[in-house]
Amino acid sequence: MMQITATDFKANLGKYLSLARREEIHITKNGTNIAVLTAPKSKESWVDELIGIVPWDGEDIDIKQFKAERLAKKYESLD
């Protein structure tokens, strides 16, 4: 983890964008953390995080149908 000031970040944006690929960069202003710059997660890790959230029986999922079913279930319980 690297910690830098907002002023330093603004002055050296390109440098810190490159460094963010390897480590988190915490940006501070007046001694307080205001942001964290990190590299994006790979698409494979997104899929791993979704496993178990979306039921899948091996068939293609129709997103519109899936959303409609979830909304129906959600509002069904309010009746």
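As the structure is a computational prediction, the values presented were derived from the model and not from experiment. Along every chain, residues carry numbers that run from 1 in the direction the sequence is written. Whole-chain, interface and lining totals are the exception, using all residues; otherwise, since this is a predicted model, local features are given only for residues with pLDDT of at least 70 and side-chain atom pairs are given and counted only at 80 or more. Only hydrogens and water are removed before side-chain values are computed, so all heavy atoms of the structure are retained for them.

### Quick notes on the overall build of the protein
Logical step 1: Across its full length, the protein carries 4 helices and 3 strands.
Logical step 2: Elements are defined by DSSP. Helices are runs of H or I of four residues or more, strands are runs of E of two residues or more, and each kind is numbered from the N terminus. Listing every helix and strand of the protein by position from the N terminus yields β-α-α-β-β-α-α.
Logical step 3: Think of it in three bands: residues with accessible area under 20% of the maximum for their type are buried, residues over 50% are exposed, and the middle band is partly exposed, with areas taken using a 1.4 Å probe on protein chains only. Within the span of the protein, comprising 79 residues, buried residues form 15% of the whole.
Logical step 4: Residues count as neighbours in contact if any of their non-hydrogen atoms are within 4.5 Å of one another. A separation of at least 24 residues holds for 13% of the contacts in the protein among residues at least 6 apart in sequence.
Logical step 5: Accessible surface is estimated by sampling points in the Shrake-Rupley manner with a 1.4 Å probe; for residues, cover comes only from the protein chains shown. Carbon together with sulfur atoms contributes 55% to the accessible area of the protein, which is approximately 7000 Å² in total.

### Some details on the nonpolar core
Logical step 1: Among the nonpolar cores identified, the biggest contains 9 residues, and these are Ile-4, Ala-6, Phe-9, Tyr-16, Leu-19, Ala-20, Ile-25, Ile-27 and Leu-37.
Logical step 2: Elements with a contribution of two residues or more to this core: helix H1 (6-11), helix H2 (13-19) and strand S2 (25-29).
Logical step 3: Excluding its chain neighbours within four sequence positions, the residues that come into contact with Ile-4 are Phe-9, Tyr-16, Ile-25, His-26, Ile-27 and Thr-28. Buried Ala, Val, Leu, Ile, Met, Phe, Trp, Tyr and Cys residues that are joined via side-chain atoms within 4.5 Å together make up what is termed a nonpolar core.

### Quick notes on the sheet that holds strand S3 (residues 32-37)
Logical step 1: Pairing between two strands is assigned when DSSP locates at least 2 bridges connecting them. Sheet architecture is open: 3 strands sit in the order S1-S2-S3, paired in mixed fashion. Edge strands, defined here as strands with exactly one partner in the open sheet, are strand S1 (2-5) and S3. This sheet shows a mean twist of 30° between the axes of neighbouring strands, independent of strand direction.
Logical step 2: The pairing of S2 with S3 spans 5 bridges and is classified as antiparallel. Within S3, the residue paired with Thr-28 across the bridge is Asn-33. Comment: axis = line fitted to C-alpha atoms, over the contacting stretch for helices; angle = value between 0 and 180 degrees taken between N-to-C directions.

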